[in-house]
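# Summary of structural features
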Amino acid sequence: MGDSVQKGERLWAGEGMAVWGTDHPGCLILEFEDEDVCEAAFRIQQLLASHAVPSSFVERRGSRMFLVRRLELLPVEVLTQAGPGQVDVAFCAGGRTLSREEAEARLKPDRRERMEDLAAHAARSLRAHLSLRGIAHLRARLRFGLTEDGTCLLQVVNPLECELGTTDMRQVAELLGG
């Protein structure tokens, strides 16, 4: 599918990347502004996939782009912090931390639970890998969305919205690489 998908109009731009429509209704293209950021994001996706964390990632396209599944974005984000023996998960929307009850009011209870479980699993997986390289703590902002059939998936993680031991994306990619 990857070679036949063509980039369409720009839909959104954020920290270090842009989202493009495609000629395939079920897919989008993420284009990173920097090759090192793309490589760090790719390594995160590989690591999460190896730990069975389902995400919107389909494939890498060149040095700065990913093909991803189009998701209906959920109105709540998850902030995770992981350290030795602990993972903390907080829900937020509009820059404000939400109580569990507020998050549940914006989501179906099973979706809130699924997001919380996936976020904790992703944070534990990343932290376990990074701890072997001397990084004791991490923070990540995670976003989720729904497929057409209602499956809840993690969106591709933007490493610029994470604290992974360094702000140098080349170093982040190396830390995540082996």
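So, here's what we can say about the structure. Counting starts from 1 at the beginning of each chain's written sequence and moves along it residue by residue. Where local features are concerned, this predicted model is filtered to residues with pLDDT of at least 70; where side-chain atom pairs are given and counted, the filter is 80 or more; whole-chain, interface and lining totals use all residues. Heavy atoms from the whole structure form the basis of all side-chain values; hydrogens and water molecules are not counted.

Moving on: the layout of surface pockets. Over the atoms a probe the size of a water molecule is rolled, and this reveals where empty space is left. By volume, the largest pocket amounts to about 510 Å³. Around the largest pocket sit 30 residues that line it, and Trp12, Val19, Leu73, Arg143 and Gln155 are the ones nearest its centre. Only β1 (7–14), β2 (17–22), β3 (27–32), β5 (65–69), β8 (86–93) and β10 (138–142) provide two or more residues apiece to the lining of the largest pocket. Considering each element in turn, the lining of the largest pocket owes the most residues, three residues, to β1. Three classes are used: nonpolar for Ala, Val, Leu, Ile, Met, Phe, Trp, Tyr, Cys and Pro, charged for Asp, Glu, Lys and Arg, and polar for all others, with Gly counted as polar. Residues belonging to the lining of the largest pocket are distributed by class as follows: 18 nonpolar, five polar and seven charged. Its residues placed into classes, the lining of the second largest pocket shows six nonpolar, two polar and four charged. Definitions used for this entry: grid spacing 1 Å over protein atoms alone; cavity, a set of points where a 1.4 Å probe fits but cannot get out; pocket, an open set with protein on both sides within 12 Å along at least 5 of 7 lines; lining residue, one with an atom within 4 Å of a point. Grid points are joined across faces, edges and corners, and a volume is the space filled by probe spheres set on the points. In this description a helix means any DSSP run of H or I spanning at least four residues, a strand means any run of E spanning at least two, and both kinds are numbered starting from the N terminus.

Looking at where His121 falls in the secondary structure, it is placed in helix α3 (residues 109–131). Residue classification places His121 among the partly exposed positions, given a relative accessible area of 26%. Through-space distance from the C-alpha of His121 to that of Glu35 is 27 Å; in sequence the pair is 86 residues apart. Apart from the residues lying within four places of it in its own chain, the contact partners of His121 are His51, Ala52 and Val53. N or O atoms within 3.5 Å of each other form a polar contact, as long as, within protein, one can give a hydrogen and the other can take it, and as long as residues adjacent in sequence are counted only when both atoms are side-chain atoms. There is a polar contact of 2.5 Å between the side chain of His121 and the backbone oxygen of His51. Burial classes follow relative accessibility: with a 1.4 Å probe on protein chains only, a residue under 20% of its type's maximum area counts as buried, one over 50% as exposed, and anything between as partly exposed. Any pair of residues with heavy atoms lying within 4.5 Å of one another is described as a contacting pair.

One fewer than the residue count of a helix, multiplied by 1.5 Å, yields its expected span. Counted at 1.5 Å a residue, the expected span for helix α1 (residues 35–50) with its 16 residues is 22 Å, and the 22 Å between its end C-alpha atoms agrees. Listed as buried for α1 are Val37, Cys38, Ala40, Ala41, Phe42, Ile44, Gln45, Leu47 and Leu48. On its buried face, α1 sits against β3, β4 (57–61), β5, α3, β12 (152–154) and α4 (169–177). Between the side-chain oxygen of the N-cap and the backbone nitrogen of Asp36 there are 2.7 Å, and the N-cap of α1 in question is Asp34. Two residues or fewer past α1, Ala52 is found with a positive phi of approximately 60°.

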